[in-house]
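Reading the structure
Chain by chain, the residues:
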Amino acid sequence: MSQRPGHASERKAVLELEQLHLRYPGAEQWTLNGLDLRITAGEHLALVGPSGCGKSTVAKAALQLLPTGSVCEGTLRLNGRDPRGLSRRNLQQLRGEAVGLVFQDPMTRLNPLMTVGGHLLDTLRAHGPEMPLKAQRERAEELLERVSIGADRFNAYPHEFSGGMRQRLAIALAICLQPPLVIADEPTTSLDVAVAGQVMAELRQLCDGLGSALLLISHDLAMAHRWCDRMAVLDGGKVVETSSSTTVLTQPSSRVGQRLVKAARQREGGNTPSAPTATTALQVEELRCWHNLGGTPWSPRWLKAVDGVSFQVQAGESLGVVGGSGCGKSTLCRALMGLSPIRGGQVWLQGVNLLQQRGARKRLLRRSIQMVFQDPLACLNPAMCVSDAIADPLLIHGLRSKTAARERARELLELVGLSPAEQFQNRRPRQLSGGQQQRVAIARALALEPKVLICDESVSMLDAEIQADVLNLLRTLQHRLGLAMVFVTHDLSVASGFCHQVIVLDHGRIVEQGPGDQMIARPKAAITQKLVDACPRLPT
């Protein structure tokens, strides 16, 4: 991996943090507790660490995107200026001009009522009102071309884009003003490995072309190593280790670094899952989910998101579902949960045809199949504390009293590793880290003691250590409860290590199936080969 010219100590610092302490309103402990970090012009630094260690807070502190009442002490210089002493107007100018930010989920940061081109024009006008309108339009179109979207999509809206294209738009917005520093906070978490590789390649290339430094915040050690020369390990709000990416991953000196690397290597190596029973928990036959795209009544146009998919999952068995972006993975999940219309086929749940049930019988049967969604923040009520969110399904189905439901919620919090439960039960979702939010979502899905659990990218937002813990938790629950799982993931290596069988989807159809380790060693379908090639690996 190429290094930028000049020694790091000779290059200008674009971000300097010295003994930085930060505490959020109402918190008793420091989220950042004496953090030291220096990034120089043109370098690529990955900031890694366990969930809740303060990685995303570093980005928020640098841009002063902090809630009112936060305490931020110590040295903070962004391109030579302290953003804390600036007026609101000057701070807004500094953001974008000194640093560009690529968020984890671009959809939550984009205005659904504004076109793709409108987002870029809005940024250009805010920072360069003197620029002629024609020049603004040309610059916006140029940016769309540079991130492989194309100027012809100028008038499209964010909801018309795939996740990968929305992330490319986020990159275009980040580099719009040619900032000396780009911060990418988990930019590929929700993308399949092939698209993630394309997005990161474009981001790295654009940063190199501009001479911008890149601060990549990530829980994925292999991905961080692929794209960054240097790595800093964060734990307890401070940097505990900094070195070249290869050194950190082959000879970690800190205790947390050693734990993270061990967990990441365990994930790559996989663990043999327990043997399933002979009882079929879920059987799907020729399932079709087609979306009408218009056309004439006698000649409609269909998007065949899921087109004749068949499989079965035994009690105690995990079925991995992998594939590229837009292959139909999430549509399959929503169809099984009754959230998307089914055009044809059959779904048998514990030997009962689910699609033929009505009323109370259907409601009772559906308790046996639950789902852990990809984005926990989007499926948790922001106004509801986590214990109420977990207890809510029990109350809706009338299974327990309010007191008993809250007690069960505390038990589930402990079960998913949010311990002691009293420390978490009254928090709102936004008061938790991304990994903690996903644990709450898993606890809520387990509240009704389902027989089938559908996991849609349920560990993609977790760091390697917690990801291993959650997978071990799911495996333990599966063994104890005889739980059948449909495990959807974009990472074939995770599916291989966790699941008994894996199916690969492409354009709504199964193109390959079998044990995951065999697919990695000898992929047959072109999309499987593409997924294998795109998977980043730890250095040996």
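Look above for the structure.
Residues numbered from 1 in each chain as written. Predicted model: local features only at pLDDT ≥ 70, side-chain atom pairs only at ≥ 80, totals over all residues. Heavy atoms only, no water.

The next thing to look at is the overall build of the protein. The number of helices and strands found in the protein is 19 helices and 19 strands. By the compact-globule yardstick of 24 Å for 540 residues, the protein fits well, its C-alpha radius of gyration being 24 Å. In terms of principal-axis extent, the alpha carbons of the protein reach across some 70 × 60 × 45 Å. For the protein, buried positions account for 54% of its 540 residues. Counting contacts in the protein only where the partners sit at least 6 residues apart, residues at least 24 apart contribute 69% of the total. Working note: accessible area of the protein is about 23200 Å², and carbon and sulfur atoms make up 48% of it. When the 61 basic and 50 acidic side-chain charges of the protein are each reduced to a single mean position, those positions are 4 Å apart. (Helix = DSSP H or I, 4+ residues; strand = E, 2+ residues; numbered from the N terminus. Rg over C-alpha atoms; globule rule 2.2 N^0.38 Å. Buried < 20%, exposed > 50% of the residue type's maximum accessible area, 1.4 Å probe, protein only. Contact = heavy atoms within 4.5 Å. Areas by Shrake-Rupley, 256 points an atom, 1.4 Å probe, with all protein chains shown as cover. Lys, Arg positive; Asp, Glu negative; His and termini not counted. Charge placed at Lys NZ, Arg CZ, Asp CG, Glu CD.)

Spatial ordering of the open sheet is given by β2-β1-β4, a layout of three strands whose pairing is antiparallel. The two strands at the open ends of the sheet, each matched to only one other strand, are β2 (32-40) and β4 (71-78). Direction aside, the axes of adjacent strands within the sheet are offset by 5° on average. Pairing geometry for strand β1 (residues 13-23) and β4, over seven bridges, is antiparallel. Within β4, the position partnered with His21 by the bridge is Glu73. (Pairing = 2+ DSSP bridges. Axes fitted to C-alpha atoms, helices over the stretch in contact; angles between N-to-C directions.)

This part is about unusual backbone geometry. Here the amide bond leading from Ser419 into Pro420 is cis, since omega sits at 0°, within 30 degrees of zero. On the secondary structure map, Pro420 appears in the loop between α14 (402-415) and α15 (434-446). Positive phi values are uncommon outside glycine, yet Gln19 reaches one of about 45°. Looking at the secondary structure, you find Gln19 in strand β1. Residue His507 is not a glycine yet carries a positive backbone phi of 55°. By the secondary structure assignment, His507 is in the loop between β18 (501-506) and β19 (509-514).

This part takes up the pattern of salt bridges. The tally for this structure, following the rule as stated, stands at 13 salt bridges. A salt bridge links Arg139 to Glu142, with the nearest nitrogen and oxygen atoms 3.5 Å apart. Separated by three residues within a single helix, Arg139 and Glu142 lie in helix α4 (residues 133-146), roughly one turn from each other. For Arg139, a relative accessible area of 13% translates into the label buried. Here Glu449 ties to Arg408 by a salt bridge, and the two come within 4.0 Å at their closest N and O atoms. Residue Glu449 is located in the loop between α15 and β16 (452-456), and its partner Arg408 is located in helix α14; the two are separated by 41 residues in the primary sequence. Judged by its relative accessible area of 49%, Glu449 is partly exposed. Salt bridges here are not isolated pairs; linked through shared partners, they connect Glu16, Glu18 and Arg77. (Salt bridge = Lys/Arg side-chain N within 4 Å of Asp/Glu carboxyl O.)

What follows deals with the sheet that holds strand β6 (residues 181-185). Strands sit in the order β5-β6-β7-β3-β8-β9 across an open sheet of six strands; the sheet is mixed. If you trace the sheet from one side to the other, it starts and ends with β5 (99-102) and β9 (238-244), each paired once. Across the sheet, the mean angle from the axis of one strand to that of its neighbour is 20°, orientation sign disregarded. Helix α1 (residues 55-63) rests against β3 (44-48), β5, β6, β7 (213-217) and β8 (230-235) of the sheet, and its axis sits at about 145° to β6.

Let us now look at the packing of aromatic side chains. Counting across every chain of the model gives two aromatic pairs. Between Trp290 and Trp302 the ring centres are 5.9 Å apart and the planes differ by 55°, which places this aromatic pair in the tilted class. Taken together, the positions of Trp290 in strand β10 (residues 280-296) and Trp302 in strand β11 (residues 299-314) put the pair twelve residues apart, joining distant regions of the chain. Classification of Trp302 by relative accessible area gives partly exposed; the value is 28%. Aromatic side chains Phe487 and Phe498 sit 4.8 Å apart centroid to centroid with 45° between the ring planes, which places their arrangement in the tilted category. With a gap of eleven residues between them, Phe487 in strand β17 (residues 484-488) and Phe498 in helix α17 (residues 492-498) connect regions that are remote in the sequence. Looking at Phe498, the relative accessible area reads 1%, which means it is buried. Stacked on the ring of Trp290, the Lys or Arg Arg288 has its end atom at 5.9 Å from the ring centre. Cation over ring: Arg343 sits above Trp302, and NZ or CZ is 4.2 Å from the ring centre. (Phe/Tyr/Trp six-rings, centres within 6.5 Å; stacked < 30°, edge-to-face > 60°. Lys NZ or Arg CZ within 6 Å of the ring centre and 35° of its normal.)

Inspection of the secondary structure assignment puts Leu17 in strand β1. Judged by relative accessible area, which is 1%, Leu17 ranks as buried.

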